[in-house]
Amino acid sequence: MEKNLQTVLIEAKKDHFAVPAFNIVDYTSAAAVISAGEDEKTPIIMQTSTGTVKWYGAKHLAGMVAELKNSAKVPVFLHLDHCTEMDLAKECVDSGWDSIMFDGSKFPYEENVAKTREIVDYAHKKGLTVEGELGTIVGVEEEIQVDKAKLPSIDECIDFVEATGVDIFAPAIGTAHGLYSGEPKIDFDLVKEVSEKIKQPFVVHGGTGLDESTFKELVQLGASKINISTALKYAYYEGLDDYTKENGDKIAPVETEKAKYNAIKKMALYHIETFRV
Ligand code: 13P
């Protein structure tokens, strides 16, 4: 039987690296991050925002990347990122995703636990893993905007993981979605405590904009999944810009896709290398 995402993340922690989770937006970005993983012999998580799922439709999106995923030379997981809608989360469970993140952080604690538990029970019947979030991460991630960070205590983290049964855990630690306006204030003590006291793999959100030493410290402390979304979007447009600079207004859609692919792959390679300690 193939290893599930939780097992791969537990192994990554033992082997001192974190698996990158890139928010793909189309076929080209999916192909680029997988190719980077193959070059570096590292598992890859292709995350999809709910906005991306709604644009393509769950079944179409899963179908579009299925052959890339199945023929990859490294383990590749399709993961749903920050889903706040129960129906959409269940649709993805039924449409070919390997893992689901239910983001109940906008709900009061008890409701977050109950909703996360519901999706855990649903997803486990089909052998999927579930990621849960506690606390709030500032910034904008597709359709979700959060203005004020709220970090949980270690006791709240332990309680949440036990009550929900999540397989992968993403506590807010002071990182932000999108670009940082100042120096990020990361609670490394919380990272250390969670990673020591909670056996479920530790996820870092808001990877874009963290520097190399911060990434390495997070991996050293036990983070085994690090999310990168904004950097992929920047690479996407850099690829298009590079193409225009070199080719002016030449109309060649396949060539622009290649330029996008190259820029996204370069960004992915940088993160894969940085996430090893
Ligand atoms: P960034 O956009 O800051 O890389 O955050 C990605 C993320 O955490 C997606 O869930």
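Computed from a predicted model, the values in this text were never measured in an experiment.

(A) The arrangement of the site of the ligand in detail. The immediate surroundings of the ligand are formed by 15 residues, with D81, G206, T208, S229 and T230 found nearest. A distance of 3.0 Å separates an oxygen atom of the ligand from a polar atom in the backbone of G178. Between an oxygen atom of the ligand and a side-chain N or O atom of H205, the distance comes to 3.1 Å. If the ligand stood free it would expose 310 Å²; the protein chains cover 100% of that surface. For the shell around the ligand, the elements supplying multiple residues, two or more each, are strand 3 (76–83), strand 9 (176–177) and strand 11 (223–228). Grouping the constituent residues of the shell around the ligand by class yields two nonpolar, 11 polar and two charged.

(B) Spatial organisation of helix 10 (residues 230–247). With 18 residues, helix 10 ought to run about 26 Å at 1.5 Å a step, and its terminal C-alpha atoms sit 26 Å apart, in line with that. Taken together, the buried positions of helix 10 are T230, A231, L232, A235, G239 and Y243. Downstream of helix 10 by one or two residues, G248 has phi in the positive range, about 60°.

(C) Broad picture of the pairing of strand 8 (residues 168–171). Going residue by residue along strand 8, you find I168 and A170 tucked away on one face and F169 and P171 tucked away on the opposite face as well. The pairing of strand 5 (residues 129–134) with strand 8 spans four bridges and is parallel. Note on strand 8: the bridge partner recorded for G132 is F169.

Definitions and cut-offs
- Residues numbered from 1 in each chain as written.
- Predicted model: local features only at pLDDT ≥ 70, side-chain atom pairs only at ≥ 80, totals over all residues.
- Heavy atoms only, no water.
- Near = heavy atom within 4 Å.
- Polar contact = N/O pair within 3.5 Å; in protein donor to acceptor, adjacent residues only side chain to side chain.
- Areas by Shrake-Rupley, 256 points an atom, 1.4 Å probe, with all protein chains shown as cover.
- Helix = DSSP H or I, 4+ residues; strand = E, 2+ residues; numbered from the N terminus.
- Nonpolar A, V, L, I, M, F, W, Y, C, P; charged D, E, K, R; others polar.
- Expected span 1.5 Å × (residues − 1).
- Buried < 20%, exposed > 50% of the residue type's maximum accessible area, 1.4 Å probe, protein only.
- Pairing = 2+ DSSP bridges.

Note that all results are geometric; they support no functional claim without further evidence.
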